[in-house]
Amino acid sequence: MPKYRIQLKQGKRTIVEHAEFKSLSHALDFYSTLSTMKVTEILRVEYEDLTENIPIDDMNYNSLFKGFIKNDETRMSKQVLHHNIKLTKSSDDVFAKIKECMDISGLNVDSVYCSLFKK
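Calculation criteria
- Residues numbered from 1 in each chain as written.
- Predicted model: local features only at pLDDT ≥ 70, side-chain atom pairs only at ≥ 80, totals over all residues.
- Heavy atoms only, no water.
- Salt bridge = Lys/Arg side-chain N within 4 Å of Asp/Glu carboxyl O.
- Helix = DSSP H or I, 4+ residues; strand = E, 2+ residues; numbered from the N terminus.
- Buried < 20%, exposed > 50% of the residue type's maximum accessible area, 1.4 Å probe, protein only.
- Pairing = 2+ DSSP bridges.
- Axes fitted to C-alpha atoms, helices over the stretch in contact; angles between N-to-C directions.
- Contact = heavy atoms within 4.5 Å.

All right, on to the pattern of salt bridges then. Scanning the entire structure with this criterion turns up 4 salt bridges. In this structure, the salt-bridge partner of Lys3 is Glu48, at a minimum N-O distance of 2.7 Å. With Lys3 in strand 1 (residues 3-10) and Glu48 in the loop between strand 3 (38-44) and strand 4 (61-71), the pair connects residues that are 45 residues apart, well separated along the chain. For Lys3, a relative accessible area of 32% gives the class partly exposed. Residue classification places Glu48 among the partly exposed positions, given a relative accessible area of 41%.

It is worth spelling out unusual backbone geometry at this point. Phi is mostly negative for residues that are not glycine, and the peptide bonds are mostly trans. With a phi angle near 55 degrees, Asn84 is a residue other than glycine that sits in the positive phi range. For Asn84, the location among the structural elements is in strand 5 (residues 76-86). Looking at Asn84, the relative accessible area reads 44%, which means it is partly exposed. The backbone of Ser105 sits at a positive phi, close to 50 degrees, despite the residue not being glycine. Position of Ser105 relative to the elements: it lies in the loop between strand 6 (103-104) and strand 7 (107-108). Accessibility expressed as a relative area gives 66% for Ser105, which makes it exposed.

Here we have 3 strands laid out as an open sheet, ordered 2-1-3, and antiparallel in their pairing. Looking at which strands have only one partner, the edges of the open sheet turn out to be strand 2 (13-20) and strand 3. On average, adjacent strands in this sheet sit at an angle of 20 degrees to one another, irrespective of strand direction. Pairing analysis gives 8 bridges linking strand 1 to strand 2, with the strands arranged antiparallel. Within strand 2, the residue paired with Tyr4 across the bridge is Ala19.

With that settled, the discussion passes to the environment of Gln79. Counting through the fold element by element, Gln79 comes out in strand 5. With a relative accessible area of 39%, Gln79 lands in the partly exposed category. Considering only alpha carbons, one finds Gln79 and Ser25, 54 residues apart in sequence, at a separation of 31 Å.

Moving on to the environment of Ile15. In this fold, Ile15 is placed in strand 2. When the C-alpha positions of Ile15 and Ser32 are compared, they lie 15 Å apart, and in sequence the two are 17 residues distant. Setting aside residues up to four positions removed in sequence, Ile15 forms contacts with Ile6, Gln7, Leu8 and Met37.

So, in structure tokens, the structure goes:
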């Protein structure tokens, strides 16, 4: 059975639950029938690491990278946030990896601008 990440909201409260359902329609039916909260997002979990090898928090990282990525052809841009960037990685390393691995609505990332590293 597929695993899903379900986000529910009511008032100022937001809850995220993880569950296995037969299908997306079964997940929606389940929450609309049983819960007063509104389902605002359902994501299918494609990867899950259940091993015990979680690294300790040694604070040996830049806590936040924030920047804007842009597709030059359409001039479409999007803000990105990435947490716990290795100290050995420079902004050029981050820019190169963003251009290689990310996209904007199916379009290539041509540039990264207005970036910030926070320790």
